[in-house]
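Letter by letter, the chains look like this.
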Amino acid sequence: MTLTLDPENGILDPCPQITPRYLSDLKMMFKDQQVVDEILKEENRLIYEIRYYPFRTSKSDMALAVTRIFPGSIGGEYHMTKGHKHERDDQPEVYYCVKGEGFLLLDTLEGEFQAIPWRAGTITHIPPMWAHRVINTGTDLLVFIGVFHLSAGHDYEIVAQKGFSYRVYAVDGKPALIRQT
Ligand SMILES: O=P(O)(O)OC[C@H]1O[C@](O)(CO)[C@@H](O)[C@@H]1O
Ligand SMILES: [Fe+2]
């Protein structure tokens, strides 16, 4: 099976499934709940979209997902993915930044943390058991590809409960990592 990706806009062809993530879908992930509620009174902003393709054979499963994160911020905190840990503890993932700039946050949620600066061309291996979240700190789209096993599973609950160790804010127009206590 062969797919085509437009690197300028992150559109995948063919693409059997598109998952939009609106502010209402990740409202608990942002720190400033008052600002979230104020924005939601006006509009349910589209933060990012996932274009997904499952590769299945009789002996294997893999998935490819292309995510487009729109630029912007919520209470000074840059637009980001919800973030998750894989349910299976033996499942890594490879992320490839196709366009844009930002950070990939990796967190064991048990004391270890890394913030990896991202730009077009950056490829990062996410080891099993590390929660992962992508932040768009640019003024344009951030597009990345994720490749993982379909059986990996997604645990969002643990991220909602424990949170990442750092948040990424725009401070004087530049990204700053702020430790969470
Ligand atoms: O699942 P989240 O946190 O919304 O992040 C989206 C990205 O992570 C994945 O879930 C893959 O682990 C992809 O579907 C997508 O590229
Ligand atoms: Fe993942």
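From a predicted model like this one, the values you see are computed outputs, not experimental measurements.

What counts and how
Residues numbered from 1 in each chain as written. Chains lettered and ligands numbered in written order. Predicted model: local features only at pLDDT ≥ 70, side-chain atom pairs only at ≥ 80, totals over all residues. Helix = DSSP H or I, 4+ residues; strand = E, 2+ residues; numbered from the N terminus. Rg over C-alpha atoms; globule rule 2.2 N^0.38 Å. Buried ≥ 20, exposed ≤ 12 C-beta atoms within 10 Å, placed from the backbone. Contact = placed C-beta atoms within 7 Å. UniProt positions renumbered as here; feature names shortened; annotations may be inferred. Core = buried A, V, L, I, M, F, W, Y, C linked by C-beta atoms within 7 Å. Pairing = 2+ DSSP bridges. Near = placed C-beta within 6 Å. Nonpolar A, V, L, I, M, F, W, Y, C, P; charged D, E, K, R; others polar. Axes fitted to C-alpha atoms, helices over the stretch in contact; angles between N-to-C directions.

Draft legend 1. Up close: the overall build of the chain. If you tally the helices and strands in the chain, you get two helices and 17 strands. The globule rule puts the C-alpha radius of gyration for 181 residues at 16 Å, and the 16 Å found for the chain is close to it. For the chain, the residues scored as buried account for 27% of the 181 residues in total. Across the chain, contacts joining residues at least 24 apart in sequence account for 70% of those joining residues at least 6 apart.

Draft legend 2. The arrangement of the UniProt feature "domain: Glucose-6-phosphate isomerase prokaryote" (unreviewed entry) in the chain in detail. With numbering aligned to this structure, UniProt lists the feature "domain: Glucose-6-phosphate isomerase prokaryote" (unreviewed entry) at residues 23-174. Across residues 23-174 one finds 11% helix and 49% strand; the C-alpha atoms that close the span lie 23 Å apart.

Draft legend 3. Highlighting the nonpolar core. Counting residues in hydrophobic clusters, the biggest one holds 29 residues, and the most contacted among them are Phe 103, Leu 104, Val 134, Ile 135 and Phe 144. Within the residue set of this core, elements represented by two or more residues are strand S4 (46-57), strand S5 (60-69), strand S9 (93-99), strand S10 (101-107), strand S13 (131-136) and strand S14 (142-148). In this structure Ile 135 touches Tyr 78, Met 80, Gly 102, Phe 103, Leu 105 and Val 168, once residues within four positions along its chain are discounted.

Draft legend 4. Looking closely at the pairing of S4. Where strand S3 (residues 17-22) and S4 come together, six bridges link them in antiparallel fashion. Following the sheet pairing, Thr 19 is matched in S4 by Ile 50. For S4 and S5, the ladder comprises 10 bridges, and the chain directions are antiparallel. Counterpart to Tyr 52 in the pairing with S5 is Ala 65.

Draft legend 5. Region of interest: the environment of Pro 14. Looking at where Pro 14 falls in the secondary structure, it is placed in the loop between strand S2 (11-13) and S3. In sequence terms Pro 14 and Tyr 53 are 39 residues apart; their C-alpha atoms lie 8.1 Å from each other.

Draft legend 6. Structural detail: the environment of Pro 175. On the secondary structure map, Pro 175 appears in strand S17 (residues 174-179). C-alpha separation for the pair Pro 175 and Ala 120, spaced 55 residues apart in sequence, amounts to 17 Å. Each residue touching Pro 175, except ones within four places of it in the same chain, is listed here: Tyr 78, Thr 137, Val 168 and Ala 170.

Draft legend 7. Focus on the site of ligand 1. With respect to spatial proximity, 13 residues lie near ligand 1, and among them Ala 65, Thr 67, Thr 81, Lys 82 and Gly 146 are the closest. Within the residue set of the shell around ligand 1, elements represented by two or more residues are S4, S5 and S14. Of the residues contributing to the shell around ligand 1, the split by class is four nonpolar, six polar and three charged.

Draft legend 8. Region of interest: the pairing of S17. Alignment of strand S16 (residues 166-171) against S17, held across six bridges, turns out to be antiparallel. In the strand pairing of S17, Tyr 166 is matched with Arg 179. Hairpin remark: S16 followed by S17, antiparallel, with two residues in the connecting loop; positive phi at Asp 172, about 50°.

Draft legend 9. A look at the sheet that holds strand S12 (residues 123-126). An order of S3-S4-S5-S14-S9-S12 is seen for the six strands of this open sheet, with the pairing classed as antiparallel. What marks the edges here is a single partner per strand, and that holds for S3 and S12. If you compare each strand with its neighbour and ignore which way they point, the axes differ by 20° on average. Sheet topology places S9 next to S14; five bridges connect them, and they run antiparallel.

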